[in-house]
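# A structural walkthrough
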Amino acid sequence: MSDPMTRAAFAAYRLAGLVAYPLLRPYVGWRASRGKEDKLRRKERYGVAGQARPQVGPLVWVHAASVGETVAVAPLIRAIAADGLSVVMTTGTTTSAQLVEERLADCVIHQYVPLDVRPAVRRFLNHWQPDLAMVAESEIWPLTIHELAIRRIPQILVNARLSDRSFQRWKAKPRLAEALFENFAQVVAQSDVDAERFRLLGAPAVTMAGNLKADAGPLPAEAAFLDQFDAALGSRPRFAAISTHPGEEEIVAQVHGMLKSRHEGLLTIIVPRHVDRASAIVKMLADKGLTVRRRSLGEMPDAQTDIFLADTMGELGVYLRLTEIAFIGKSITGQGGQNPMEAAMLATGILSGRYVQNFRDTYQRLLKNGGARLVRDADTLAAQVDGLLVDPMQRMAMAGAALRSIDEMRGALGRTLIALDPFLHPLRLSVRLERRGRVAGDP
């Protein structure tokens, strides 16, 4: 950070963190009271370790902010752990922590990520002493980056991407961007566009490997609930609206109203992106005269149910397995879209608004192959759902195209491991030498 203005900006950021540090405990406590933090593990947010570091051998720190990033890097983490390396994995949400417990508890130590303030970050690094730090997608925490650089711990961005908005923000502050991104020893980008953006912002070593999510398995589904929900649906026509954002539930409700007379027994499944909006969504639907059942209350749809509100976390795999049509939100009233890969992997025909720039490459492939279609509003969404409900051959064609698109995108895991090999190989060698030493020293 040779530039004086950059040094001043970073000093101000660091000072603001120190000033705010005493106020963070009440804030984290408030979040815990709302279920957004783990009450029993709040100290981890201040860098206080909840578990002991493995006594011997190198350790890799992997950070994935939330559920999507966790799903994406899970196969990569298993590949790293299979070489005998210890992994401490941090996430920032309770739902991602639960996912790590379910899928990766046998090969990682989970911790909540420390807040990006000096006391918390230093406490975390002093305890875990990682030999390598890997961050998924686009989490940029200036003080953490600085502390890792001071300790000469290599930092890598994997499955890296930059949205249009994030790129423009960083581009407006080129010196600050370069001062941060130059600390990454390697950036493994999702697409050529992402790779070029990271290069322009000052990352010294960038490769393109593709999206790791294409190599992740399909979303799981709890068998008992899957069977129960399938039985409740019977042969009713249905479609799902997933990862919806404010305004999109109203559009979906309009679509249901337009189609219910044409498709007897139609059930619409709404899976909001943020389940804490459930009560407001229920009120809106009730005001429109629609009958709603809620998953969070343990309810199942009956013959009179118009809308099933899936207001719990971690069960999207059930809903996608039981519908062949899914509208994916944050794409009509929202901006940027949500990842369509999870739906595509489960052979679901995808409908989306036009604002999907955060997943441009994935949608371009899906649209080219016929696995996705774009809509503008309630009328065009209703027309597409109507056409698909009456024509099973269209649904089958879209499902096949979605699966083919995912197959074309696979291979990111292997390419990512190749890019990481210069950093992982010395750690693997250290493990082997240590094992030989222990064997040689046995009586």
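Scroll up to find the structure this text is about.
Predicted, not measured: the structure shown is a model, and the values here were computed from it.

Reading the values: rules and limits
- Residues numbered from 1 in each chain as written.
- Predicted model: local features only at pLDDT ≥ 70, side-chain atom pairs only at ≥ 80, totals over all residues.
- Heavy atoms only, no water.
- Core = buried A, V, L, I, M, F, W, Y, C linked by side-chain atoms within 4.5 Å.
- Buried < 20%, exposed > 50% of the residue type's maximum accessible area, 1.4 Å probe, protein only.
- Helix = DSSP H or I, 4+ residues; strand = E, 2+ residues; numbered from the N terminus.
- Contact = heavy atoms within 4.5 Å.
- Salt bridge = Lys/Arg side-chain N within 4 Å of Asp/Glu carboxyl O.
- Pairing = 2+ DSSP bridges.
- Right-handed = clockwise from strand over helix to strand, strands pointing away.
- Axes fitted to C-alpha atoms, helices over the stretch in contact; angles between N-to-C directions.
- Parallel < 35°, antiparallel > 145°, perpendicular 65-115°, else oblique.
- Nonpolar A, V, L, I, M, F, W, Y, C, P; charged D, E, K, R; others polar.
- Phe/Tyr/Trp six-rings, centres within 6.5 Å; stacked < 30°, edge-to-face > 60°.
- Lys NZ or Arg CZ within 6 Å of the ring centre and 35° of its normal.
- Arc of directions from axis to C-beta.

Phe229, Ile269, Tyr319, Leu320 and Ile350 are the most contacted members of the largest nonpolar core, which totals 35 residues. Residue assignment for this core shows that the elements contributing at least two residues are α9 (223–233), β8 (238–244), β9 (267–272), α12 (316–321), β12 (325–328), α13 (341–345), α14 (360–369) and α16 (392–409). Beyond its immediate stretch of four places on either side in the chain, Leu320 contacts Leu219, Ile242, Ala326, Glu342, Ala343, Leu346 and Thr348. In this structure, Ala74, Ile80, Val87 and Leu413 belong to the second largest nonpolar core, which totals 32 residues.

Here the structure, examined in full by the defined rule, presents 23 salt bridges. In the salt-bridge network here, residues are joined through shared partners; they are Asp83, Asp421 and Arg428.

With that settled, consider the pairing of β9. Among the six residues that make up β9, six are buried, leaving the element largely enclosed by the rest of the structure. The side-chain alternation of β9 yields two buried faces, one formed by Leu267, Ile269 and Val271 and the other by Thr268, Ile270 and Pro272. Pairing between β8 and β9: six bridges, direction parallel. Bridged to Ala240 within β9 is Ile269. As a crossover connection, the stretch from β8 through helix α10 (residues 248–259) into β9 is right-handed. With three bridges joining them, β9 and strand β11 (residues 307–309) adopt parallel strand pairing. Of the residues in β11, the one forming a bridge with Thr268 is Ile307.

Turning to the packing of helix α15 (residues 378–390) against α16, a few remarks are in order. For the pair α15 and α16, the least separation of the axes is 5 Å and the interaxial angle reads 105°. On the basis of the axis angle, α15 is roughly perpendicular to α16. Contacts between α15 and α16 involve Gly387, Leu388, Leu389 and Val390 from the former and Pro392, Gln394, Arg395 and Met398 from the latter. Among the residues forming the contact of α15 with α16, the class breakdown is five nonpolar, two polar and one charged.

Turning our eyes to something else, we now look at the packing of aromatic side chains. Across all of its chains, the model carries 10 aromatic pairs by this definition. Connected via pairs of aromatic rings, a cluster forms that spans Trp170, Phe181, Phe184 and Phe198. Seen from the ring of Phe225, Arg295 lies directly overhead, with NZ or CZ sitting 3.6 Å from the centre.

This part takes up the pairing of strand β13 (residues 349–352). Of the two faces of β13, the one carrying Gly349 and Leu351 and the one carrying Ile350 and Ser352 are both buried. Inspection of the sheet shows β12 paired to β13 by four bridges, in the parallel sense. Bridge assignment links Ala326 to a residue of β13, and that residue is Ile350. In the sheet, β13 pairs with strand β14 (residues 372–374) via three bridges, with the strands oriented parallel.

Two modes of strand pairing occur in sheets, parallel and antiparallel, and in both the strands are linked by backbone hydrogen bonds. Read from one edge of the open sheet, seven strands run β10-β11-β9-β8-β12-β13-β14, paired in parallel fashion. Looking at the sheet topology across the chains shown, the edges are occupied by β10 (292–294) and β14. Geometrically, the sheet is characterised by an average inter-axis angle of 20° between neighbouring strands, direction not taken into account. Lying on the sheet, α16 is in contact with β12, β13 and β14; it crosses β14 at an angle near 105°.

What follows is about α14. Residues Thr362, Tyr363, Leu366 and Asn369 constitute the buried set of α14. Down the axis of α14, the sector holding all buried residues measures 135°, keeping them to one side. Where α14 is buried, its residues contact β12, α13, β13, β14 and α16. Where α14 ends, the next residue or the one after it, Gly370, has phi of about 95°, a positive value.

Turning our attention to helix α4 (residues 118–128). By the burial criterion, the buried members of α4 are Ala120, Val121, Phe124, Leu125 and Trp128. Each buried residue of α4 lies within a common arc of 120° when the element is viewed along its axis, so the set occupies one face. At its buried positions, α4 is contacted by β1 (59–63), β2 (86–91), β3 (109–112) and α5 (142–150). Two residues or fewer after α4 comes Gln129, characterised by a positive phi angle close to 45°.

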